[in-house]
Amino acid sequence: MSSSAGWRVASTITVAGVAAVVAAGCMDLRGYRARDESRNAGGAPAGNGGDFGMAGWSGGEGGSGSGATSGAGTSGSASGGEGGSATGGHAGVASGGMGGDPTGGEGGEATGGAGGRASGGDAGVGVGGANGGEAGHAAAGGHETGGDGGHGGEGPCPEGSFDDDADPSTACVPWSSCTAGVEQAGTPTADRVCRPDVVEIAAGANHTCARRSDGTVSCWGANWAGRLGNDDDTDSAQPVNVVGLNDAMAITAGAYHTCALLTNGRADCWGINERSQLGNRVVTDWSSPTPVPVRDLENVTAIEAGAFHTCAVVEASGEDPSAVCWGYNAHGELGNATVTDSASDSLVSVELTGPVDQLAAGWGHTCALLADGAVWCWGDNGEGQLTDAANDAPSSPTPIQVNVPPATAIVAGGAHTCAILADSTVRCWGDNGGCQLGGGNWEQPPGPVTVVDIVGDLQGVAGLSAGSYHTCALLEGGAVTCWGAGPYGQLGDGTFPSSRCIPTTPTPLTSATSLTAGEYFNCALLADGAVTCWGSNDYGELGNGTFASYFSPVEVAGLEGATMVAAAWQFSCALEETGSVSCWGQNEDGQLGNGSRTRTSHPVAVSAISSATEIAASGGHACAVLRGGTLACWGENANGQLGDGSYTVRDTPVPVQSLDAAVKVALGFNHACALLDDGSISCWGDNGAGQLGSNTTDGQPSPTPVTVATITDVSMIAANAYHSCAIAGGSVYCWGSDEYEQLGDGPHEGESPFFQAEPVALSSLSSVTSVAVGYSHTCALGSDGRIWCWGNNSYGQLGFDDEELVPSPVAVPGIDDAVAVAAGANYTCAERADGRITCWGSREYGRLGDGARSGSAVGPVVGITNPRSLATGNLHACAALEDGRVACWGYNDHGEVGSGVFGLRADPEPVVWP
């Protein structure tokens, strides 16, 4: 028996449960590291323990170690402790273990075990490192990795691990064992903890809720009548917590209300109560923004919300499961032979012929799946949602059996119903106004029809969801396909047809485990515990922080593991923790690096890149610094900007010639520069404005690197459009185009064209830590947190509204706490000390990220704090977030925002990993 997951969804059907990945074994690797560190421990000699007992090396018994050797810090059962247990847990006792000199606490003074669950086993557990070193790394045979994993009861877990039980005194485990993600917040005395997995989702008319494995519930979307349960009535495009709910075991959503089945067999509901659909029998309360108990309801095993009514499966001791309902009843949807609302009356029972296995509820009808596979329905029948003959009777307040073979699951849409049969095919009946029955045509059938695809009956269906005028199927293996009306993108395949009468093109999803549908949108729970949604988003019901509709799934949580982002003219790239690189957006010149020329609004992996340490993107090309100092570039190459000695476009990476000591790379529209490990700079590509800095004025491009003249001991480089800049000794040097005074060395001299073919110093600036190059302006960040800008100011991109051209650096007013700066075409962004991002300049295309699309302003980017890195393209920007996701905003005609759809985004949106 399964609980309902939405007023359109009668059940949450899973292909495979969301399972936590528990890191187990790997004793050889952890032991190897522990044993290797033990050789430099400086602690007890091996004694009778035999090479530190080999406990950590193989996970075996280790040495028995019997001879206690003396001394402060050499101590206790020489190098074997309590025998070097199989897991290495006690193997570290010898070097600072329980027999150590008392001056080291329980950890031993000389070799520490400093609080050491990591590699000191019992050495100093809970001591917090007092006189015991720094995480027990000196001891051998460690529990985790020989030092990197322990914390001794104080401080957060080390980077890359978390506390799996939220107890600061116990061992840390790898992040990879937390399928839902690790909470980043930590305190000096508390570990990071694993977020609970999302295990169920439910969608109402225009809101969505998610239940987590710890019994809490979060909701997002429309909040009229308090249906989000957060004691408020303000719409939210991001999840908010339901107040006081921590023991939910199932959830369901009606049109404007939500209910949760609790672990004690009772139920709480919240939202609109105009028809007593909350079941609290308080007629005067037309809504409740917080959960209230359904009165007199107990022994509940499943709960299902219709548009304005609610039903539950109850199973008292010794009795068969039965159905009870409450709320609106104008069509007889309560099934008690009347058309009177339950209001303040008792819960009403539905008379059925056998044990109830599952319920499904739509706008005005309800259906029950019995244990024998029979389907019975009651309520509104205006579109044939009950019987074999459409419009045979306008409604029925008592159950009618539907003529379908034995079913295994049912789901109700607005005015239609579908059932999964024993052979994993689907039959649907009722309203077909949007082709939502999937029978291949628009006709209103006289009874149930089989859902077909382009080759025959739709096979292998494991779950269903149904909206007002569309239906989706979860297939075995995790794919999703939809049919019916699609003008809001609710079919999820990247298109927005008026309707589709059979499922043809699947969504990009491949690992879904359950589905739920709202009125014009859908959400899927994925195998890793993430939630992704698509379709109408007028009320934020997709939960991604925006109010824009999506024609492909967009995750509530997006791209994971990114450490750096790069934004170019019409595409973006992300560097991942693994060293791989992914790009998305325009691809006509191969700038995505995946061997194709097809644009994409989802990230695709750059071919053959697995060891990148830095990335950059501009114009129509991108480059990556690889481990070891070599460079690889790909994309447009008309000016030799890929540095491979040719002028041939490359849709996969090619090596830059004669460079093997690069540490940074910066790109302009048609040129590139690399900072080498000796502090010099090499550039290649277009030189029409002297942007290669080689003191040549013939304007000829160079397809191979040339050395930038006169500048040494460089610590940073930056480039954009047609000029470049560098920092050396805290001072700024720039070269290339000076058409808009962007070089910052004072007013133009001579006649056009204005450029400098070798670096010029900005004598008015010192103690500069970072420089950002926009299309026609430049900004520098000082060590005091102030930002200085110069060049073109037509759109206020320098931070003030006065002159249009500013030939020398001027401080941006109101900013003295910046920690990073980035510049694009006619706008600038800064990260502040408190983690906010502030942007200024042109709002066109939403590039300032403050929700507006026109005008000029200085304002905060919505919803972004503490980014790992910030990148500005010409018309869009991206931030790598602290949790490894990426969010982008601005111009998006080519998918450069990466959210799965095209069209500008004025608020940051998570990049979606397909």
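Draft legend 1. Inspection of the sheet that holds strand 38 (residues 621–626) at higher detail. In spatial order, the strands read 37-38-39-40; together these four strands make up an open sheet with antiparallel pairing. Strands with a single pairing partner mark the edges of an open sheet, and in this sheet they are strand 37 (612–618) and strand 40 (650–655). Neighbouring strand axes in the sheet, compared pairwise and without regard to direction, differ in orientation by 15° on average.

Draft legend 2. Here's a closer look at the side chain of Ser611. Following the sequence through the fold, Ser611 ends up in the loop between strand 36 (600–605) and strand 37. Residues in contact with Ser611, not counting those within four places in the same chain, are Gly579, Val625, Leu626 and Arg627.

Draft legend 3. Looking closely at the environment of Pro291. Tracing the sequence through the fold places Pro291 in strand 10 (residues 287–293). For the pair Pro291 and Leu245, spaced 46 residues apart in sequence, the C-alpha separation works out to 7.7 Å. Among all residues touching Pro291, those that are not within four sequence positions of it are Gly229, Val242, Val243, Asp268, Cys269 and Trp270.

Draft legend 4. Inspection of the pattern of salt bridges at higher detail. Tallied over the entire structure, the rule returns 13 salt bridges. For Arg266, the salt bridge identified is with Glu298, shortest N-O distance 3.2 Å. In this pair, Arg266 sits in the loop between strand 8 (257–262) and strand 9 (267–272) while Glu298 sits in the loop between strand 10 and strand 11 (300–305), placing the two residues 32 residues apart along the sequence. Judged by relative accessible area, which is 42%, Glu298 ranks as partly exposed. The shortest N-O distance in the salt bridge between Arg500 and Asp493 comes to 2.5 Å. Judged by relative accessible area, which is 13%, Asp493 ranks as buried.

Draft legend 5. View of the nonpolar core. Phe571, Cys573, Val581, Cys583, Ile609, Ala612 and Ile615 are the most contacted members of the largest nonpolar core, which has 18 residues in total. Listed by contribution, the elements that provide at least two residues to this core are strand 34 (571–576), strand 35 (581–585), strand 37, strand 38 and strand 39 (631–635).

Draft legend 6. Spotlight on the pairing of strand 5 (residues 217–221). Within strand 5, five of the five residues are buried, which leaves it mostly tucked inside the rest of the structure. Going residue by residue along strand 5, you find Val217, Cys219 and Gly221 tucked away on one face and Ser218 and Trp220 tucked away on the opposite face as well. Sheet analysis places strand 4 (residues 207–212) next to strand 5, joined by five bridges and oriented antiparallel. Paired with Ala210 across the two strands is Ser218, which belongs to strand 5. Hairpin geometry of strand 4 and strand 5 is characterised by an intervening segment of four residues between the two adjacent antiparallel strands and by a positive phi of about 90° at Gly215. Sheet topology note: the strand 5/strand 6 (residues 236–241) ladder contains three bridges and is antiparallel. By the bridge assignment for strand 6, Gly221 is matched with Ser236.

Draft legend 7. Here's a closer look at the environment of Val294. Within the element layout of this structure, Val294 appears in the loop between strand 10 and strand 11. It is 9.3 Å that separates the C-alpha atoms of Val294 and Gln277, two residues lying 17 residues apart in sequence. Residues contacting Val294, with those up to four places away along its chain left out, are Ala267, Cys269, Leu278, Gly279, Trp326 and Leu347.

Scoring rules and cut-offs
Residues numbered from 1 in each chain as written. Predicted model: local features only at pLDDT ≥ 70, side-chain atom pairs only at ≥ 80, totals over all residues. Heavy atoms only, no water. Pairing = 2+ DSSP bridges. Helix = DSSP H or I, 4+ residues; strand = E, 2+ residues; numbered from the N terminus. Axes fitted to C-alpha atoms, helices over the stretch in contact; angles between N-to-C directions. Contact = heavy atoms within 4.5 Å. Salt bridge = Lys/Arg side-chain N within 4 Å of Asp/Glu carboxyl O. Buried < 20%, exposed > 50% of the residue type's maximum accessible area, 1.4 Å probe, protein only. Core = buried A, V, L, I, M, F, W, Y, C linked by side-chain atoms within 4.5 Å.

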